[in-house]
Amino acid sequence: MSPDGPPIPREELPPGWGAVTFCDGQFAYRHRQAPIELVADRTAATRSHPGLGLSRCWELRYQYSLGDQSIAESIGHVSTRRAAVEGVLQCMHHIHESVDELCGPVEIQDVLDRVRFSDVVPDGQSPTR
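What this report covers is the structure whose coordinates are included nearby. (Residues numbered from 1 in each chain as written. Predicted model: local features only at pLDDT ≥ 70, side-chain atom pairs only at ≥ 80, totals over all residues. Heavy atoms only, no water.)

## A few points about the pattern of salt bridges
Counted only if it meets this: Salt bridge, as used here: a side-chain nitrogen of Lys or Arg that lies within 4 Å of a carboxyl oxygen of Asp or Glu. Buried, partly exposed and exposed residues are distinguished by accessible area as a fraction of the type maximum, computed with a 1.4 Å probe on protein chains only: under 20%, between the cut-offs, and over 50%, respectively. Elements are defined by DSSP. Helices are runs of H or I of four residues or more, strands are runs of E of two residues or more, and each kind is numbered from the N terminus.
By the definition in use, this model includes 4 salt bridges. In this structure, Glu-37 and Arg-30 form a salt bridge, with 2.6 Å as the shortest nitrogen-oxygen distance. Exposure remark for Arg-30: the relative accessible area of 43% places this residue in the partly exposed category. The shortest N-O distance in the salt bridge between Arg-82 and Glu-86 comes to 3.4 Å. Taken together, the residues span about one helical turn, with Arg-82 and Glu-86 both in helix α1 (residues 81–98) at a distance of 4 residues. You can call Arg-82 partly exposed: its relative accessible area is 43%. Put simply, Asp-41, Glu-59 and Arg-61 are held in one network by salt bridges that share partners.

Structure follows, in structure tokens:
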């Protein structure tokens, strides 16, 4: 994974997806038809379980527009950049398979709730899915 290019090669992306942002601490992909952007952002691991001893993790979230507002919802937290790349790619594939059914935020959330991540960071505040 080169820091100079997108973390997911173009040939691995499902149809309709493209890189929007990519740098050392964040990357994002947008779907051209469904009104959604998937973002992975390196962040402090303040909500992670204290026994893990993590200082940084990656938050996966999706963003969508609702009228004039841009809404961001968390999907989950993973411990490594590699897991963030795999998680975003899984989310893209789930959305791609359901793109005809996606009408709004509720449908998007339902699709993303079915994604399971590797290296998930337990937060110690809620039961695991």
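From this point, the narrative continues.
## So, the sheet that holds strand β5 (residues 69–78)
The strands that make up a sheet pair up through hydrogen bonds in the backbone, lying either parallel or antiparallel. The line we're drawing: Should DSSP find at least two bridges between two strands, the strands are taken to pair. Axis angles are defined between N-to-C directions and span 0 to 180 degrees, where every axis is a line fitted to C-alpha atoms and, for a helix, only to the segment in contact. Only heavy atoms enter the contact rule, under which two residues are in contact if any of them lie within 4.5 Å.
As summarised here, the arrangement of the 5 strands in space is β1-β2-β3-β4-β5, forming an open sheet in which the pairing is antiparallel. Edge positions in the open sheet fall to β1 (17–22) and β5, since each of these has one partner strand only. Strand-to-strand twist in this sheet, taken as the mean axis angle between neighbours without regard to direction, amounts to 25°. Inspection of the sheet shows β1 paired to strand β2 (residues 26–31) by 5 bridges, in the antiparallel sense. Among the inter-strand pairings, Ala-19 is bridged to a residue of β2, identified as Tyr-29. Packing of helix α2 (residues 105–112) onto the sheet brings it into contact with β4 (56–66) and β5, and relative to β4 it is tilted by some 150°.

## What about the side chain of Glu-59?
Counted only if it meets this: Throughout this description, a polar contact denotes any pair of N or O atoms lying within 3.5 Å of each other; where both atoms belong to protein, one of them has to be capable of donating a hydrogen while the other can accept it, and for residues adjacent in sequence the pair is counted only when both atoms sit in side chains.
Looking at the element boundaries, Glu-59 is found in strand β4. Among the polar contacts listed, one links the side chain of Glu-59 to the side chain of Ser-74, at a separation of 3.2 Å. Once residues lying within four places of it in the same chain are set aside, the contact partners of Glu-59 are Val-39, Ala-40, Asp-41, Thr-43, Ser-74, Gly-76 and His-77.

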